[in-house]
Amino acid sequence: MDTIVCPMGGGATRLYSALTPPLSSSPLPPPAVTNLDPAFCQEQKGAPVCPAELLRQCEEALRGRAPRFHRKFTQLQDGGGAPSSSIRVMQWNILAQALGEGLDSFVQCPPEALSWSRRKYLILEEILTYRPHILCLQEVDHYYDTLQPVLAGLGYSSNFCPKPWSPCLDVEGNNGPDGCALFYDESRFEFLDSVNLQLSAMRIPTNQVAVVTMLRCRSSGRCVCVAVTHLKARSGWEWLRSAQGSDLLRQLQTLVQKHAHDSAGAQTLDIPLLICGDFNAIPTEEVYRRFAASPLGLDSAYKRLSEDGSTEPEYTTWKIRPTGECCATLDYIWYSRDTLRVDAVLDMPTEEQIGPNRLPSFSYPSDHLSLVCDFSFKEKE
């Protein structure tokens, strides 16, 4: 399924709506990019960028800021995969710029900390620090002018799917609709297929989307199906999140079955799944239970941080809005437990590191924390 992507400037709500047909229509070409960040983007198209140099530029631009969170990986002793064969996956709701400065009302966060001129460096610094092979992002509203060209220079290919009715378009001076983006390292993966989904609830299209990409690992020849999504927010919509999750699981199963045959048409081994997202659902919600009990054999990677291996972190988001303080676990990396092994998990910053004003802040650009895990393929039996 294809999608329409039509980023625009402020005051474009009515125009964007008029130009945006359903997601199943033929796609428009991407807009011409004229406002790339000169500090990041090479003048020559396709010129490679040195990650270390780009990270140095970010750190130089952020000189004098509050110290960044220092997080450590917990290495898991459950397999013999070589570290060089690990696949690093990052899941992150980066906070749409229009929402951060407008509708989200982070009352304890200084306005200067929310400026794009600052946040773009913090976002890129986070990505460059961990250098994931697969990067799954939500609330992306600076795809064409920053993230896509910068990460393309680092060797990433990507797909982007905007929400059909993005709330960003209601904010004056917006940079277009927000949506989900999936990036992958071309040196590690060969592209096989990708589809942009508009999630449905009881066959009725909703405003939430997903990007699903089928990849083949160049070193092992093994395939993996990766999905990124962002389910409906707010309390009272638990039933809708559950229906959206069921729709995503159904469509993933269909896509995997489509590719689960060799060139001669014979059935092959199951293709592992990696499903990243801001589910806007705590672990007791029905949509979480649906994923945990799915016949696709999924498990949540971040449970591996707990002592018993069965408890999610205390929080993946921590913010203060006019309605009060929210400290909850809403973000997940799901994986196929029979075909993938979790080698390492990045820990969460402490309450002391996050600080009394919570997130976002001068130290961290989003109200959601990034999740980073190293996976490897289990040996075929």
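See the structure above.
Q: Just to check I follow, could you spell out helix α5 (residues 143-153) for this structure?
A: Among the eleven residues in α5, nine count as buried, and that is most of the element. Restricting attention to buried positions, one finds in α5 the residues Tyr 143, Tyr 144, Asp 145, Thr 146, Leu 147, Pro 149, Val 150, Leu 151 and Gly 153. Tucked inside the fold, the buried residues of α5 contact α2 (51-61), α4 (116-130), β3 (134-140), β4 (156-162) and β5 (179-185). Looking one or two residues past α5, Gly 155 carries a phi angle of roughly 100°, positive in sign.

Q: I tried to follow α4 on my own but got confused; where do I start?
A: For α4, spanning 15 residues, the distance from its first C-alpha to its last is 21 Å, which sits close to the expected 21 Å at 1.5 Å a residue. Among the 15 residues that make up α4, twelve are buried, leaving the element largely enclosed by the rest of the structure. Among all positions of α4, only Trp 116, Arg 119, Lys 120, Tyr 121, Leu 122, Ile 123, Leu 124, Glu 125, Glu 126, Ile 127, Leu 128 and Tyr 130 are buried. Of the residues one or two after α4, Arg 131 is the one with positive phi, at around 45°.

Q: When you look at the sheet that holds strand β7 (residues 204-217) in this model, what are you seeing that I'm missing?
A: Whether parallel or antiparallel, the strands of a sheet pair through hydrogen bonds between backbone atoms. Taking strand neighbours across the sheet as the criterion, the six strands line up as β6-β7-β8-β9-β13-β10 in an open arrangement whose pairing is mixed. Each edge of the open sheet is held by one strand with a lone partner, namely β6 (189-201) and β10 (298-300). Direction aside, neighbouring strands of the sheet carry axes that sit 20° apart on average. Relative to strand β8 (residues 223-230), β7 runs antiparallel, the two being bridged by seven bridges. Residue pairing in the sheet places Met 214 in a bridge with Cys 225 of β8. Across the face of the sheet, helix α6 (residues 238-259) comes into contact with β6, β7, β8, β9 (273-278) and β10 while running at roughly 145° to β6.

Q: Is there a simple way to think about the pattern of salt bridges in this case?
A: Where side chains of opposite charge bring their charged atoms close, a pairing between them can arise. Tallied over the full model, the rule gives 20 salt bridges. The closest approach of N and O atoms between Asp 247 and Arg 250, which form a salt bridge, is 2.5 Å. Pair noted here: Asp 247 and Arg 250 are both in helix α6, with a separation of three residues, about one helical turn. Between Asp 299 and Lys 303 there is a salt bridge; the shortest N-O distance is 2.9 Å. Of the two residues, Asp 299 and Lys 303, both sit in the buried class. Overlapping salt bridges, with partners in common, bring together Arg 65, Arg 68, Arg 71, Glu 125 and Glu 126 in one network.

What counts and what doesn't
- Every chain begins its residue count from 1, and numbering advances along the sequence as written.
- For this predicted model, a pLDDT threshold of at least 70 governs which residues receive local features, and a threshold of 80 or more governs which side-chain atom pairs are given and counted, while totals over whole chains, interfaces and linings are taken from all residues.
- Excluded from the side-chain calculation are hydrogens and water; included are all heavy atoms of the structure.
- Using a 1.4 Å probe on the protein chains alone, a residue whose accessible area is under 20% of its type maximum counts as buried, one over 50% counts as exposed, and one in between counts as partly exposed.
- Runs of E in the DSSP output that reach at least two residues are strands. Runs of H or I that reach at least four are helices, and both are numbered from the N terminus.
- We call two residues in contact whenever any of their non-hydrogen atoms come within 4.5 Å of each other.
- In a helix, the anticipated span is given by 1.5 Å times the number of residues less one.
- Strands qualify as paired when DSSP identifies two bridges or more between them.
- In this analysis an axis means a line fitted to C-alpha atoms, helices contributing only their contacting stretch, and an angle means the value between N-to-C directions, from 0 to 180 degrees.
- Every case where a carboxyl oxygen of Asp or Glu lies within 4 Å of a side-chain nitrogen of Lys or Arg is listed as a salt bridge.

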